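Below, each chain spelled out in residue letters.
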Number of protein chains: 2
Amino acid sequence: MTKERILNIASEEFSKHGYSAVSMNSLVRRLEVNKATIYYHYKDKKALYHEVLKISLSESKANREKLLMGITDPKKRFHAFLKSFLQTIKEKPYIVGLWMHEVANFGSNMDESLTLIVEEMVLFLKELLDELPLKSEYKSCNPYMIFSIIHGTIDNFYAVQMSSLPINAQSSLKLNVDNTLNFLDGFLTDFILNAICQKESK
Amino acid sequence: MTKERILNIASEEFSKHGYSAVSMNSLVRRLEVNKATIYYHYKDKKALYHEVLKISLSESKANREKLLMGITDPKKRFHAFLKSFLQTIKEKPYIVGLWMHEVANFGSNMDESLTLIVEEMVLFLKELLDELPLKSEYKSCNPYMIFSIIHGTIDNFYAVQMSSLPINAQSSLKLNVDNTLNFLDGFLTDFILNAICQKESK
DNA sequence: GTCTATAGCTAGATAGAC
DNA sequence: GTCTATCTAGCTATAGAC
């Protein structure tokens, strides 16, 4: 279906180059469809971009619900929460650039409906944290901080590894999506849980 | 001096909106100077942007050298390393958006000279890490990972707090540069050091 | 070193045929 | 639902006067 094709290509392009750097003409070239056709399906460029953002947030939320289903152990739930972001990236790698651009713009293209989804994510994380056996100094710690550690680190590391620049070029993770995401999964989960949880006593 | 004024305004604008979203016309409007004057001082838009990136990296490096000077204790050196980024943000808040946009683009506007500065930063961090009393599992750990935890977290958290969106709106850090940077300084330094270093035995 | 004036192009968007 | 054709506005960049 054309409408979906437009959305997919648009997602890729907005993610790679950011909102302003993408022209409707460039989309037309890739889609091999007429420009007026895009405007038939989407009111304007902003509406198309907004749809792209919304879909990416929905996918993230859907993955979270899927991966957490049936899991009760608090640490495993936290792990699944983090993994759900990585899963979303695995399915739609373009999402990283999309979100980094949006955060870099200080959310200037976000509206209230999208803001609410983010707030809900952080609220969900807060509940996960409250179930964990936290060290006393991390009880009632700012969940936005933990959210930034998760998201900021994943996005930044993924972007550096997937960049074609010769940064960390000799690493086995370089330009390898699966290796990079698997590494982040193991490393970051342990890193955060070890930092904030009381030591195991079994 | 005009050349410097152009650079300062350009830094702000590129940071706020990203490379493509900034037009030479918009710079002219803010500068109240003729467009041809910009082209007298800078070859073209790309050259101007490149200069902005280079300056921002140089400032970061200069702050690192200043803040680490004379400090020998490994943990304090690590703290000073992290603090140097926060100091750079304090002096030039626009730097956060600038770098997030660049990372989101997977470094598509970086050339070899800028890449080298980043590599040198990570190499420096690696030496700092080697001096620390690391837990065995973090010996020879990927310094790019630690770099991403530092940079990704700072950038993401700062952007969220400074965004005018109603995300974490009730926090005392919201829209307050100094509080946010001070909080990051204390929280993140302890967080990382506690995670990777052996427990104190004194 | 800063200006006026303008070239040459590409952007986002739409009217109307099919 | 997709096309052709086209509008207007804005873009980067430069030639040449002062």
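The paragraphs below set out a description of the structure included in this document.

Conventions used here
Residues numbered from 1 in each chain as written. Chains lettered and ligands numbered in written order. Predicted model: local features only at pLDDT ≥ 70, side-chain atom pairs only at ≥ 80, totals over all residues. Heavy atoms only, no water. Helix = DSSP H or I, 4+ residues; strand = E, 2+ residues; numbered from the N terminus. Contact = heavy atoms within 4.5 Å. Areas by Shrake-Rupley, 256 points an atom, 1.4 Å probe, with all protein chains shown as cover. Lys, Arg positive; Asp, Glu negative; His and termini not counted. Charge placed at Lys NZ, Arg CZ, Asp CG, Glu CD. Near = heavy atom within 4 Å. Polar contact = N/O pair within 3.5 Å; in protein donor to acceptor, adjacent residues only side chain to side chain. Buried area = accessible area lost by both parts, 1.4 Å probe. Salt bridge = Lys/Arg side-chain N within 4 Å of Asp/Glu carboxyl O. Nonpolar A, V, L, I, M, F, W, Y, C, P; charged D, E, K, R; others polar. Least-squares fit on C-alpha atoms with pLDDT ≥ 70 in both. Buried < 20%, exposed > 50% of the residue type's maximum accessible area, 1.4 Å probe, protein only. Axes fitted to C-alpha atoms, helices over the stretch in contact; angles between N-to-C directions. Left-handed = near helix turned anticlockwise from the far one by under 90°.

**Details of the overall build of chain A**
- Scanning chain A from N- to C-terminus turns up 9 helices and 0 strands.
- Helices and strands appear in chain A in the N-to-C order α-α-α-α-α-α-α-α-α.
- Taken over the C-alpha atoms alone, chain A extends approximately 65 × 40 × 30 Å along its principal axes.
- Across chain A, the fraction of contacts at a sequence separation of at least 24, relative to all contacts at a separation of at least 6, is 67%.
- Of the roughly 9,300 Å² of accessible surface on chain A, 53% is carried by carbon and sulfur atoms.
- Side-chain charges of chain A comprise 25 positive and 24 negative groups, with the mean position of each set lying 3 Å from the other.

**Considerations on the protein's contact with DNA strand C**
- Close to DNA strand C lie 16 residues; A:Met24, A:Asn25, A:Tyr39, B:Thr2 and B:Asn34 are nearest.
- Counted by atom, the contact set of DNA strand C within 4 Å of the protein is 60% sugar and phosphate.
- The side chain of B:Thr2 places a nitrogen or oxygen atom 2.6 Å from a phosphate oxygen of DNA strand C.
- Contacts to DNA strand C include B:Thr37, whose side-chain N or O atom sits 3.0 Å from a phosphate oxygen.
- Mapped by element, the contributors of at least two residues to the surface near DNA strand C are helix H2 (24-31) and helix H3 (35-41) of chain A together with helix H3 (35-41) of chain B.

**Let's talk about the interface of chain A and chain B**
- Taken together, the contact pairs 50 residues of chain A with 50 residues of chain B.
- Across the chain A to chain B interface the summed buried area is about 4,300 Å²; carbon plus sulfur atoms make up 71%.
- When residues of chain A are sorted by the area they lose upon contact with chain B, A:Phe106, A:Met145 and A:Phe191 head the list and together hold 16% of the total.
- Between the two partners, chain A and chain B, sit 0 salt bridges.
- Contributing elements (two or more residues each) for the side of chain A that touches chain B: helix H1 (2-17), helix H6 (95-104), helix H7 (112-131), helix H8 (143-162) and helix H9 (177-196) of chain A.
- At 14 residues, the largest contribution of residues to the side of chain A that touches chain B is made by H8(A).
- The class makeup of the residues in the side of chain A that touches chain B is 29 nonpolar, 18 polar and 3 charged.

**Digging into the relation of the copies chain A and chain B**
- In the superposition of chain A on chain B (RMSD 0.1 Å, axial shift 0.0 Å), the rotation amounts to 180°. Such a combination of turn and shift is consistent with a two-fold rotation axis. Using C-alpha coordinates, one finds that chain A approaches the rotation axis most closely at A:Gly152, a distance of 2.1 Å.
- Counting the interface residues of chain A, we find that 100% of their copies in chain B are interface residues as well, pointing to one common contact surface.

**Side note on helix H6 (residues 95-104) of chain B**
Residue and element names in this part refer to chain B.
- The element H6 is largely enclosed, with a buried count of 10 among its 10 residues.
- Of the residues making up H6, those classed as buried are Ile95, Val96, Gly97, Leu98, Trp99, Met100, His101, Glu102, Val103 and Ala104.
- Phe106, located one to two residues past H6, shows a positive phi value of around 55°.

**Observations concerning the environment of B:Tyr19**
All names here are of chain B.
- Tracing the backbone shows Tyr19 in the loop between helix H1 (2-17) and helix H2 (24-31).
- Under the relative-accessibility criterion, Tyr19 is labelled buried at 17%.
- Non-local contacts of Tyr19, meaning those with residues more than four positions away in its chain, are made with Phe14, Lys45, Lys46 and Tyr49.

**Some details on the pattern of salt bridges**
- For the coordinates displayed, the defined rule picks out 20 salt bridges over all chains.
- For A:Asp185, the salt bridge goes to A:Lys83, with nearest N and O atoms at 2.7 Å. Note that A:Asp185 is positioned in helix H9 and A:Lys83 in helix H5 (residues 74-91), a separation of 102 residues in sequence.
- Overall, A:Asp185 belongs to the buried group, its relative accessible area being 10%.
- The exposure class assigned to A:Lys83 is partly exposed, which follows from its relative accessible area of 35%.
- Across the salt bridge formed by B:Glu13 and B:Arg30, the nearest N and O atoms sit 2.8 Å from each other. Note that B:Glu13 is positioned in helix H1 and B:Arg30 in helix H2, a separation of 17 residues in sequence.
- With a relative accessible area of 37%, B:Arg30 lands in the partly exposed category.
- Members of the salt-bridge network, linked through shared partners, are A:Glu12, A:Glu13 and A:Arg30.

**Observations regarding the side chain of B:Ser163**
- Among the secondary structure elements, B:Ser163 is positioned in the loop between helix H8 (143-162) and helix H9 (177-196).
- At 2.9 Å, the side chain of B:Ser163 and the backbone nitrogen of B:Leu165 are in polar contact.

**Concerning the protein's contact with DNA strand D**
- Neighbouring DNA strand D are 16 residues, the closest being A:Thr2, A:Asn34, B:Met24, B:Asn25 and B:Lys35.
- The protein-proximal atoms of DNA strand D, defined as those within 4 Å of the protein, are 61% sugar or phosphate.
- Contact between DNA strand D and B:Lys35: a base nitrogen at 3.3 Å from a side-chain N or O atom of the residue.
- With 4 residues, the top contributor of residues to the surface near DNA strand D is H3(A).
- Among the residues making up the surface near DNA strand D, the classes are represented as 7 nonpolar, 6 polar and 3 charged.

**Re the side chain of A:Ser163**
- For A:Ser163, a relative accessible area of 4% gives the class buried.
- For A:Ser163, the residues in contact, after removing those within four places along its chain, are A:Lys174, A:Leu175 and B:Phe106.

**Focus on the packing of H5(A) against H8(A)**
Residue and element names in this part refer to chain A.
- At their nearest, the axes of H5 and H8 sit 12 Å apart, and the two run at 35° to each other. Here H5 and H8 pass one another in a crossing that is right-handed. Two secondary-structure elements touch here, H5 through Phe78, Phe81, Leu82, Phe85, Leu86 and Ile89 and H8 through Ile146, Phe147, Ile150, His151, Ile154 and Tyr158.
- Broken down by class, the residue content of the contact of H5 with H8 amounts to 11 nonpolar, 1 polar and no charged.

None of the figures reported here should be taken as evidence of function without further support.
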